[in-house]
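Examination of the molecular architecture
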Amino acid sequence: NTVLEIKLNGSVISSGEKIKKGTSLDLIIGTQTDKFPIPDFAGMELEDAEILIFGLNLEISKIHPVQDDNKLVNSIQRQLPLPGDTVRHGDQIELWVYNLRR
């Protein structure tokens, strides 16, 4: 029960690739029990990152607000584990988010 790939018009979307909100995507779902590298969420909007994180069967343990008026509201600054670190399904992730609004 894991998102293995995300496709747009038949092509695999790379981690961190920007697409327009509301775009229709194909999700390739399967079972994956091994460890996998966590994507880079930096620069993504929080809402989009949450969808991807939950799709990877990960949990958000904490969201840290970061104030910077020169950055977009609710954009991800950084994360732990770091991009490329190996995680398992069910692992927790922390996010630092610019100008957090809920």
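Provided above is the structure to which this section pertains.
Residues numbered from 1 in each chain as written. Predicted model: local features only at pLDDT ≥ 70, side-chain atom pairs only at ≥ 80, totals over all residues. Heavy atoms only, no water.

A closer look at the layout of surface pockets
In this model, the largest pocket occupies a volume close to 1000 Å³. Looking at the largest pocket, it is lined by 34 residues, and the ones nearest its centre are Ile6, Leu25, Met44, Asp48 and Leu52. Among the secondary structure elements, those contributing two or more residues to the lining of the largest pocket are strand S1 (2-8), strand S4 (36-37) and helix H1 (46-55). The dominant element in the lining of the largest pocket, judged by the number of residues it contributes, is H1, at 5 residues. Partitioned by chemical class, the residues of the lining of the largest pocket number 17 nonpolar, 9 polar and 8 charged. (1 Å grid on protein atoms, 1.4 Å probe; cavity = no way out; pocket = protein on both sides within 12 Å on 5 of 7 lines; lining within 4 Å. Points joined across faces, edges and corners; volume = space filled by probe spheres on them. Helix = DSSP H or I, 4+ residues; strand = E, 2+ residues; numbered from the N terminus. Nonpolar A, V, L, I, M, F, W, Y, C, P; charged D, E, K, R; others polar.)

Quick look at the sheet that holds strand S5 (residues 59-66)
Read across the open sheet, the 3 strands follow the order S5-S8-S6; overall the sheet is mixed. With partners counted over all chains shown, the strands left at the sheet margins are S5 and strand S6 (75-80), one partner each. The sheet shows a mean angle of 25° between the axes of neighbouring strands, taken without regard to direction. As defined by bridge partners, S6 adjoins strand S8 (residues 92-98) across 5 bridges and the pair is classed as antiparallel. Following the sheet pairing, Leu80 is matched in S8 by Glu94. Against the sheet, H1 engages S5, S6 and S8, with an angle of about 160° to S5. (Pairing = 2+ DSSP bridges. Axes fitted to C-alpha atoms, helices over the stretch in contact; angles between N-to-C directions. Contact = heavy atoms within 4.5 Å.)

Observations concerning the nonpolar core
Ranked by size, the top nonpolar core spans 15 residues in total, and within it Phe41, Ile53, Leu58, Ile76 and Leu95 carry the most contacts. Looking at this core, the elements that each hand over two or more residues are H1 and S8. In terms of residues, this core owes the most to one element, H1, which gives 4 residues. When residues no more than four places from it in sequence are discounted, the contact partners of Leu95 are Leu46, Ile53, Ile60, Lys62, Ile63, His64, Ile76, Arg78 and Gln79. (Core = buried A, V, L, I, M, F, W, Y, C linked by side-chain atoms within 4.5 Å. Buried < 20%, exposed > 50% of the residue type's maximum accessible area, 1.4 Å probe, protein only.)

Concerning the pairing of S8
Among the 7 residues in S8, 5 count as buried, and that is most of the element. Pairing geometry for S5 and S8, over 7 bridges, is parallel. Bridge pairing in S8 links Ile63 to Leu95.

So, to be careful, I would describe these as geometric facts and stop short of saying anything about function.
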